[in-house]
Amino acid sequence: MKFLFFFCILIFFYNKIFANCSKAKDSSRIVVAGGSITETLFYLDLSKNIIAVDTTSNFPDEAKNLPSIGYVRALSTEGVLSLNPTLIIGEKDMGPPNVIQQIRNTPVELKIIEEENSAEGINKKIDCIKNIVGEKKFDSEKNINLKSSILKLKNISNINNNNKIRGLIILMMRGTSPIVAGSDTSGGDFLRMIGATNSMNSFEGWKPVGREAIMISNPDFIIVTKRALKNFGSSKTFMKESGILDTKAAKLNKVFFEDGMQFLGFGPRTMDLAIKIAKDINEQPN
């Protein structure tokens, strides 16, 4: 009986994931809710059928010229359906829930992609989206490069793990307090992906922290989104105002200002940045 129970559970989750990634009936008019999905469709040269995207879809530049359906977590049923899509592909945080349910009650096909914030997860996402659109071909050079990047990152991450490197991710500022990644966040997942320990693992989610907490955690490196930097004019001003100027990371010149969607979106370009930062945090300062 136990075996039968676990077998049924396995089949349930397999069917759920398979249904999300199975070929769509009609992918001629695609609405996308999620920046990493838009990025992946362009990466696969499958962007020609995209008719609209959400506001997190800001890469590549061509995506910014497409009609917008609003923010991925605050969509409206009427706004999405007014574009007459044949297929909607969304990330797991697409919402709100009542909009998801209303769309499911229409004939328009909806595919919500399961998230696995890791190097292998990026590969799975690419395969899933490729299957949905029904594209059997995939540029062999891109495929080889992706597999090579996954292996390269794994090797560097193992070294970082052994060196017990600790990192901090700042999403934005709330007044004078940085909003940082705790456990169970995409930021924490990115740190794990590059072989680093999250210096703010003591709490879950994204939370504001004070200068004292940052100094106590004293990370070896810090990644800051460019969005957080926007209102400060310079990186030095930001570091002073946010309270990270006296950290070990700042003294070692290991504070990186990066595109948030690139390292938190877990799309194809996340791999390149992950390898770059994984290498950078391993290098000793001159």
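Residues numbered from 1 in each chain as written. Predicted model: local features only at pLDDT ≥ 70, side-chain atom pairs only at ≥ 80, totals over all residues. Heavy atoms only, no water.

A.B. asks: Help me understand the overall build of the protein, please; the structure alone is not making it clear to me.
C.D. replies: Looking only at helices and strands, the protein has 13 helices and 10 strands in total. Relative to the globule expectation of 19 Å for 286 residues, the C-alpha radius of gyration of the protein, 20 Å, shows essentially globular dimensions. Dimensions of the protein, computed from the C-alpha atoms along their principal axes, are close to 55 × 45 × 45 Å. Within the protein, the fraction of its 286 residues that count as buried is 50%. Contacts spanning at least 24 positions in sequence make up 61% of the contacts within the protein whose residues lie at least 6 apart. Total accessible area on the protein is roughly 15000 Å²; 53% of this is exposed by carbon and sulfur atoms. Treating the 37 positive side-chain charges of the protein as one cloud and the 30 negative ones as another, the clouds have centres 3 Å apart. (Helix = DSSP H or I, 4+ residues; strand = E, 2+ residues; numbered from the N terminus. Rg over C-alpha atoms; globule rule 2.2 N^0.38 Å. Buried < 20%, exposed > 50% of the residue type's maximum accessible area, 1.4 Å probe, protein only. Contact = heavy atoms within 4.5 Å. Areas by Shrake-Rupley, 256 points an atom, 1.4 Å probe, with all protein chains shown as cover. Lys, Arg positive; Asp, Glu negative; His and termini not counted. Charge placed at Lys NZ, Arg CZ, Asp CG, Glu CD.)

A.B. asks: Could you clarify how one ought to interpret the packing of helix H2 (residues 35–43) against helix H13 (residues 268–280) in this entry?
C.D. replies: The packing of two helices is summarised by the inter-axis angle and the distance between the axes. It is at 8 Å that the axes of H2 and H13 come closest, and there the two elements cross at 95 degrees. Here H2 is positioned roughly perpendicular relative to H13, judged by the angle of their axes. Along the contact surface, H2 presents Glu39, Thr40 and Tyr43, while H13 presents Pro268, Arg269 and Thr270. In terms of residue class, the contact of H2 with H13 is built from 2 nonpolar, 2 polar and 2 charged. (Axes fitted to C-alpha atoms, helices over the stretch in contact; angles between N-to-C directions. Parallel < 35°, antiparallel > 145°, perpendicular 65-115°, else oblique. Nonpolar A, V, L, I, M, F, W, Y, C, P; charged D, E, K, R; others polar.)

A.B. asks: Can you walk me through the packing of aromatic side chains in this structure?
C.D. replies: One pair of aromatic rings is described through two measures. These are the centre distance and the angle between the planes. Counted under the stated rule, the structure contains 3 aromatic pairs. Ring geometry for Phe190 against Phe263: centres 5.4 Å apart, planes inclined by 55 degrees, an arrangement best described as tilted. Remark: Phe263 occurs in helix H12 (residues 260–264) and Phe190 occurs in helix H7 (residues 186–193); sequence separation between them is 73 residues. For the pair Phe190 and Phe263, one class covers both residues: buried. (Phe/Tyr/Trp six-rings, centres within 6.5 Å; stacked < 30°, edge-to-face > 60°.)

A.B. asks: Looking at this structure, I do not really get helix H5 (residues 119–133). What am I missing?
C.D. replies: Each α-helix winds once per 3.6 residues, and so residues spaced three or four apart point in a common direction. For H5, spanning 15 residues, the distance from its first C-alpha to its last is 22 Å, which sits close to the expected 21 Å at 1.5 Å a residue. Counting buried positions along H5 gives 11 out of 15 residues, so the element sits mostly inside the fold. Within H5 the residues assigned to the buried category are Ala119, Gly121, Ile122, Asn123, Lys125, Ile126, Cys128, Ile129, Lys130, Ile132 and Val133. Among the residues trailing H5, Gly134 stands out with phi positive, at a value near 80 degrees. (Expected span 1.5 Å × (residues − 1).)

A.B. asks: What's the story with the state of the cysteines in this structure? I'm lost.
C.D. replies: Chemically, a disulfide is nothing more than a covalent bond linking the sulfur atoms of two cysteines. Applying the stated criterion to the full structure yields 1 disulfide. In this model Cys21 forms its disulfide with Cys128; the gap between the sulfur atoms is 2.1 Å. On the sign convention where negative is left-handed, the bridge of Cys21 and Cys128, at about -100 degrees about the S-S bond, is left-handed. Taken together, the positions of Cys21 in helix H1 (residues 2–21) and Cys128 in helix H5 put the pair 107 residues apart, joining distant regions of the chain. Among the residues examined, Cys128 registers a relative accessible area of 4% and is labelled buried. (Disulfide = S-S within 2.5 Å.)

A.B. asks: So what exactly am I meant to see when it comes to the sheet that holds strand S4 (residues 109–113) here?
C.D. replies: Within a sheet, neighbouring strands are paired by backbone hydrogen bonds and run either parallel or antiparallel to one another. Spatially, 4 strands are ordered S2-S1-S3-S4 in an open sheet, and the strand pairing comes out parallel. Whereas interior strands pair on both sides, the edge strands pair on one side only; in this sheet they are strand S2 (50–53) and S4. Across the sheet, the mean angle from the axis of one strand to that of its neighbour is 20 degrees, orientation sign disregarded. Lying on the sheet, H2 is in contact with strand S1 (30–33), S2, strand S3 (87–91) and S4; it crosses S3 at an angle near 120 degrees. Packed onto the sheet, helix H4 (residues 97–104) meets S3 and S4 and runs at close to 140 degrees relative to S4. (Pairing = 2+ DSSP bridges.)

A.B. asks: Mind showing me how you'd approach the nonpolar core here?
C.D. replies: If you look at soluble globular proteins, the nonpolar side chains tend to sit buried side by side. If you look at the biggest cluster of nonpolar residues, it comprises 48 residues, and the most contacted ones within it are Leu153, Phe190, Met193, Ile194 and Phe221. By residue number, the principal contributor to this core is H5, which donates 7 residues. When neighbours within four sequence positions are excluded, Met193 is seen to be in contact with Ser118, Ala119, Ile122, Leu153, Ser157, Phe266, Thr270, Met271 and Ala274. (Core = buried A, V, L, I, M, F, W, Y, C linked by side-chain atoms within 4.5 Å.)

On their own, these measurements won't tell you what the molecule is for.
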